[in-house]
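Residues per chain are reported as follows:
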Amino acid sequence: MVVDIEVDAAERRTMTISSSLSAGVAGLNAHATKLATISDNIANSSTFGYKRATAEFQNLVIGGLAGAGTYSAGGVRATTHRLIDEHGPLISTSNPMDIAIGGRGMLPVTQEVYADSNPGERPMMMTTTGSFRTDSEGVLKTETGLVLLGWPADANGNVATFPRDTGVGLEPIVINANQTAGDPTTAMKLGVNLPAVETEAGSAAAAIPLSVEYFGNLGTSETLDFSFTPIVPATGSSNQWTMVINDSASAGLPGGSVIGEYTLTFDDSRADGGSLASVAVVSGGAYNATNGTLGLTVAGGPIDLTIGKIGDPNGLTQLSDSFAPVAITKDGSPVGNLTAVQIDEHGYIQATYDTGFVRTIYQVPLVDVPNPNGLISMSNQAYQVSPDSGSFFMWNAGDGPTGEVVGFAREGSTTDVAGELTSLIQTQRAYSSNAKVIQTVDEMLQETTNIKR
């Protein structure tokens, strides 16, 4: 009977000691996992956009009722995850298409092999930063083959409304170095002073010509030819002029080159002397008294000509005895060659031409998910949506939870080398301690074996 009790006790000691051995082995595996994350973090301490990985430990409990007098070691289990929601420092660069995000949000990208796929079949990927440059076909991508995606703008630089919860509207951004573009004139402001003495009785009533260049839809240079003819009364001063507008591009078209004729009457009161008092339409587009514009129609389409509101001293005026084009401004530009491309804080990619014309060609939205740390990590600092991350939604930069887009910048690694080295020392000591446990258990099992003998 005594022998059986001693054997049972030896077996219980053996089981307890064996659980200690298993716990030691589990500790070695767990700290080896932590060592792997530390090694990865240190290796990527200079990698742009790298998000550090962490290893956390959870204990395993096997049985162990209170007061049982025995205890079986369950060991430890390691879990790893990547802290994608952490932001590294922004580092300035000289490339305008080095892009980072100042806050929350990611850039939509795809792998080069899928760039020509249908939008609905293209895998949606994200990255927080990238150094994008054009390849031989003008596709904007990184050296590792991540192609930047965006919404295209029309010829006027306007971006249509696209769905925000799917990548169907996104397309690879293509920029051709030999791209040319023209900007047609759609608005013009005419600031001219007409001589008041010309509307007095006895004046010669000579017409005063004025030509103003504008740009057509094909980048051609056209002119609006103005003719100001004073209306001379028999006595006194009429303060009236006849303004006739000819379009050079309309010559030979049905209706002729005259696109508008107007009678201008100027105020001669002390309060508003010299400013417009009324505009009568003889032919052509109507006069909008609210904003002081004439709706002209040239050969290529409509142009809003601002001549000034009633009583406005900044438009057409009639003062003194001299004719003076004071301020003539217009939009548009001739055909120009692409010289530079850069992205603004709202995610709009703007092309600059050698004529000074700047046009929006794409908009890059920012992608956000409810749980960034739940994204699937891929190579080259890219991520994909997973069930843990939740569905993505695309925002305009600066809207909702997203930050601004920063050009000429890259996001640095989130690795803290000093902190990782400290963890490395602690992990090495813990690993050695677990190895010591295994060595001690081996010696104790040997003693237990000797007892049975």
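Since the structure is predicted, the reported quantities are computational estimates derived from the model, not experimental observations.

**Observations regarding the overall build of the protein**
- Across its full length, the protein carries 2 helices and 32 strands.
- Over its C-alpha trace the protein gives a radius of gyration of 39 Å, far above what one expects of a compact globule, namely 22 Å for 453 residues.
- If one aligns the C-alpha atoms of the protein with their principal axes, the spans along those axes are about 145 × 50 × 35 Å.
- In the protein, the proportion of contacts linking residues at least 24 apart, taken out of those at least 6 apart, comes to 64%.
- Split by element, the accessible area of the protein, about 22600 Å² in all, is 52% carbon and sulfur.
- Separation of charge centres in the protein, based on 22 positive and 46 negative side chains, amounts to 17 Å.

**Considerations on the confidence of the model for the protein**
- In the predicted model, the protein carries a mean pLDDT of 91, and the fraction of residues at 70 or more is 95%.
- This stretch, residues 1–7, has a pLDDT under 50; its non-local contacts, to residues over four places away or in other chains, come to 0 contacts.

**Focus: the environment of Ala280**
- Here Ala280 shows up in strand β18 (residues 276–284).
- Between the C-alpha atoms of Ala280 and Tyr262, which are 18 residues apart in sequence, the distance is 5.6 Å.
- Look past the residues within four positions of Ala280 in its chain and what remains in contact with it is Glu261, Tyr262 and Thr263.

**Regarding the sheet that holds β18**
- If you walk across this open sheet you meet the 5 strands as β14-β15-β16-β17-β18, and the pairing is antiparallel. Two strands lie at the open edges of the sheet, namely β14 (208–215) and β18, each paired on one side alone. Put simply, the sheet's adjacent strands are angled 20° from each other on average, direction ignored.
- Pairing geometry for β14 and strand β15 (residues 221–230), over 8 bridges, is antiparallel. In the sheet register, Ile208 faces β15, and the bridge partner there is Phe228.

**Structural notes on the packing of aromatic side chains**
- On inspection of all chains with the given rule, the structure shows 5 aromatic pairs.
- On the basis of an interplanar angle of 50° and a centroid distance of 6.4 Å, the ring pair of Phe228 and Phe323 is categorised as tilted. Here the residue Phe228 occupies a position in strand β15, and Phe323 occupies one in the loop between β22 (317–318) and β23 (324–330), the gap between them amounting to 95 residues.
- By relative accessible area, which is 0% here, Phe228 ends up buried.
- Owing to a relative accessible area of 27%, Phe323 belongs among the partly exposed residues under this scheme.
- The interplanar angle of 15° and the centroid separation of 5.5 Å between the aromatic rings of Tyr353 and Phe357 together place this pair among those described as stacked.
- Overall, Phe357 belongs to the buried group, its relative accessible area being 9%.
- Feature note: the residues Phe226, Phe228 and Phe323 constitute an aromatic cluster, connected by ring pairs.

**Section: the environment of Val212**
- Checked against the element boundaries, Val212 lands in strand β14.
- Assessed through its relative accessible area of 4%, Val212 is described here as buried.
- Through-space distance from the C-alpha of Val212 to that of Met188 is 9.5 Å; in sequence the pair is 24 residues apart.
- Setting aside anything within four residues of it in sequence, one finds Val212 in contact with Met188, Leu190, Glu222, Thr223, Leu224, Phe226 and Ile328.

**A word on the side chain of Thr37**
- When you line up the elements, Thr37 lands in helix α1 (residues 2–43).
- When its relative accessible area of 9% is taken as the criterion, Thr37 is described as buried.
- In this structure Thr37 touches Ala53, Thr54, Ala55 and Thr80, once residues within four positions along its chain are discounted.

**As for the nonpolar core**
- In this structure, Phe226 and Leu264 are the most contacted members of the largest nonpolar core, which totals 28 residues.
- Of all elements in the fold, only β13 (187–194), β14, β15, β16 (240–247), β17 (258–266), β18, β20 (293–298) and β21 (301–306) reach the threshold of two or more residues within this core.
- Sequence-distant contacts of Leu264, that is, excluding residues within four places in its chain, are made with Asn239, Gln240, Trp241, Met243, Leu276, Ser278, Val279, Ile307 and Leu316.
- Grouped together as the second largest cluster of nonpolar side chains are 27 residues, Ile101, Ile343, Leu366 and Ala382 included.

**Considering unusual backbone geometry**
- The phi dihedral of Ala205 is positive, around 60°, even though this residue is not glycine.
- Owing to a relative accessible area of 32%, Ala205 belongs among the partly exposed residues under this scheme.
- Of note in this structure, Asn239 is not a glycine but carries a positive phi near 55°.
- Tracing the backbone through its elements, the reader meets Asn239 in the loop between β15 and β16.
- Relative accessible area serves as the criterion here: at 11%, Asn239 is assigned to the buried category.

Cut-offs applied
- Residues numbered from 1 in each chain as written.
- Predicted model: local features only at pLDDT ≥ 70, side-chain atom pairs only at ≥ 80, totals over all residues.
- Heavy atoms only, no water.
- Helix = DSSP H or I, 4+ residues; strand = E, 2+ residues; numbered from the N terminus.
- Rg over C-alpha atoms; globule rule 2.2 N^0.38 Å.
- Contact = heavy atoms within 4.5 Å.
- Areas by Shrake-Rupley, 256 points an atom, 1.4 Å probe, with all protein chains shown as cover.
- Lys, Arg positive; Asp, Glu negative; His and termini not counted.
- Charge placed at Lys NZ, Arg CZ, Asp CG, Glu CD.
- pLDDT = per-residue confidence, 0-100.
- Pairing = 2+ DSSP bridges.
- Axes fitted to C-alpha atoms, helices over the stretch in contact; angles between N-to-C directions.
- Phe/Tyr/Trp six-rings, centres within 6.5 Å; stacked < 30°, edge-to-face > 60°.
- Buried < 20%, exposed > 50% of the residue type's maximum accessible area, 1.4 Å probe, protein only.
- Core = buried A, V, L, I, M, F, W, Y, C linked by side-chain atoms within 4.5 Å.

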